[in-house]
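Analysis of the macromolecular model
Each chain, letter by letter, is given below.
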Amino acid sequence: MSRSEKVTFAGSTGEMLSGIIDIPDGPVKGWGVFSHGFTLGKDAPSASRMCKALADSGVGMLRFDNLGLGGSAGEWSAGSFSHKVADTVKAAEFMRSEGKEISLLVGHSFGGAAVLAAAREIPELDAVATVGAPFSPKHVAHVFDAALDRILSEGSAEVDLGGKRVEIRRHFVEDLENADLTDCIRQLHKPLMVLHSPTDNTVGIENASTIFQTARHPRNFVSLEGSDHLLTGKGQAARAARIIAAWADQYLDAAH
C-alpha cells in the first residue's frame, strides 16, 4: 500500500497551497501531479482514489487544493482557469525542487483542461492523461448560467454548486472566454490518453472526441464504460488510474 505525506507550496498568487503526495511503497517508476475538478479539492473521491491507485501502481502523485479550497489559503473567487493552470505548473516546480521531477500529468474534469494547458510549461513531462475533461474550459459556465447576467452586470454573484455556495466573479467568466485549448492540444508533443465515460451527463463524450481529434499521435482514447462523471461508483476511480498507469509505464520507463 502507498503512504501519504502532507506538503505545502506557494501557488502562482503567492498563497500557500495544501497538497498530499501519495508515495509508492515499493520502487518508484515516476512522479506525477493531479489536477482536481472545478471545486472538488484534493480529498474528493476522484482525486484521492485515483492518486492512491496510481501510487499503488508505482507512480507517486501530488494532489493539491486549488486557491481557497480545502487546506489552501486565499479566496477561491479570486482565482481563475489561468490561475489553475499556473498553479499546476507551480506544483510541478515544487516536485522538481523536492528531487521528484514529474513524468505524468493527470487531470479530472475542469482539471483535465488545466493539465492540457499546463503541459507546455513543464519541460520534463513525459505523458498527459485526462479523465472526463471538457474540450473548452468555458464548458464549466453551464453550472452558473442562470447567474451569468448578474455576474457580468454586478461584477459577481453567489451560486450554488452541488450544495456549496461559491462566489463567481466577472474576471473568472472573462478568463474562461479567453481560454482556448486548441493550440495546447495540437502542440502538446507528448503522449496523450483521453479517458471518458460514454454516459457522462456533466461533460458529454463529444468533448473527448474533439480533444482526441485535435491531438496528434501518440494519442489514445479509453471509454470508461459504466462510470459517472465524478467516478464515485465502486472501483471507478481506481480502474481509471490502473489504465493510466499501465499506459504510462512505457513512457515512465523511457524517462529513467
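Description of the structure in this document. The shown structure was predicted, so the numbers you read here are calculated from the model rather than taken from an experiment.

1. Points about unusual backbone geometry
- Omega for the bond connecting histidine 217 with proline 218 falls within 30 degrees of zero, at 0°, which places this linkage in the cis form.
- The backbone of serine 109 sits at a positive phi, close to 60°, despite the residue not being glycine.
- The residue serine 109 is located in the loop between β5 (102–108) and α3 (110–118) in this model.
- On the basis of relative accessible area, serine 109 is assigned to the buried category, the value being 10%.
- Look at histidine 189: it is not a glycine, yet its phi comes out positive at around 55°.
- Mapped onto the elements of the fold, histidine 189 is located in the loop between α6 (182–186) and β9 (192–196).

2. As for the packing of helix α2 (residues 81–97) against α3
- Direction vectors running N to C along α2 and α3 enclose 65°, while the axes themselves pass 9 Å from each other. For α2 against α3, the interelement crossing comes out right-handed. Touching Phe81, Lys84, Val85, Thr88 and Val89 of α2 are Phe110, Gly111, Ala113, Ala114, Val115, Ala117 and Ala118, all from α3.
- When the residues that make up the contact of α2 with α3 are grouped by side-chain class, the tally is nine nonpolar, two polar and one charged.

3. Examining empty space enclosed by the protein
- Per the counting criterion, the structure on display carries two cavities of 30 Å³ or more.
- Within this model, the largest cavity holds a volume of roughly 120 Å³.
- For the largest cavity, the lining is made up of 13 residues, of which Asn66, Trp76, Gly79, Ser80 and Lys84 are closest to its centre.
- With four residues, α2 is the largest single contributor of residues to the lining of the largest cavity.
- Among the residues making up the lining of the largest cavity, the classes are represented as six nonpolar, five polar and two charged.
- Lining the second largest cavity, in full, are Val131, Gly132, His196, Ser197, Asp200, Leu224, Ser227, Asp228, His229 and Leu231.
- Here the residues of the lining of the second largest cavity are counted per class, giving three nonpolar, five polar and two charged.

4. Points about the sheet that holds strand β3 (residues 30–35)
- The strand order across the open sheet built from eight strands is β1-β2-β4-β3-β5-β6-β9-β10, with neighbouring strands paired in mixed fashion. Every interior strand has two partners, whereas the edge strands, β1 (3–10) and β10 (219–223), have only one. On average, each strand axis in the sheet is tilted by 20° relative to the strand beside it, whichever way the strands run.
- Two strands pair when backbone bridges link them, and β9 and β10 are joined in this way by five bridges, in the parallel orientation. Bridge pairing links methionine 193 to asparagine 220 in β10.
- In the packing of α3 onto the sheet, contacts are made with β3, β5, β6 (127–131) and β9, and the angle to β5 comes to roughly 145°.

Rules behind the numbers
Residues numbered from 1 in each chain as written. Predicted model: local features only at pLDDT ≥ 70, side-chain atom pairs only at ≥ 80, totals over all residues. Heavy atoms only, no water. Helix = DSSP H or I, 4+ residues; strand = E, 2+ residues; numbered from the N terminus. Buried < 20%, exposed > 50% of the residue type's maximum accessible area, 1.4 Å probe, protein only. Axes fitted to C-alpha atoms, helices over the stretch in contact; angles between N-to-C directions. Left-handed = near helix turned anticlockwise from the far one by under 90°. Contact = heavy atoms within 4.5 Å. Nonpolar A, V, L, I, M, F, W, Y, C, P; charged D, E, K, R; others polar. 1 Å grid on protein atoms, 1.4 Å probe; cavity = no way out; pocket = protein on both sides within 12 Å on 5 of 7 lines; lining within 4 Å. Points joined across faces, edges and corners; volume = space filled by probe spheres on them. Pairing = 2+ DSSP bridges.

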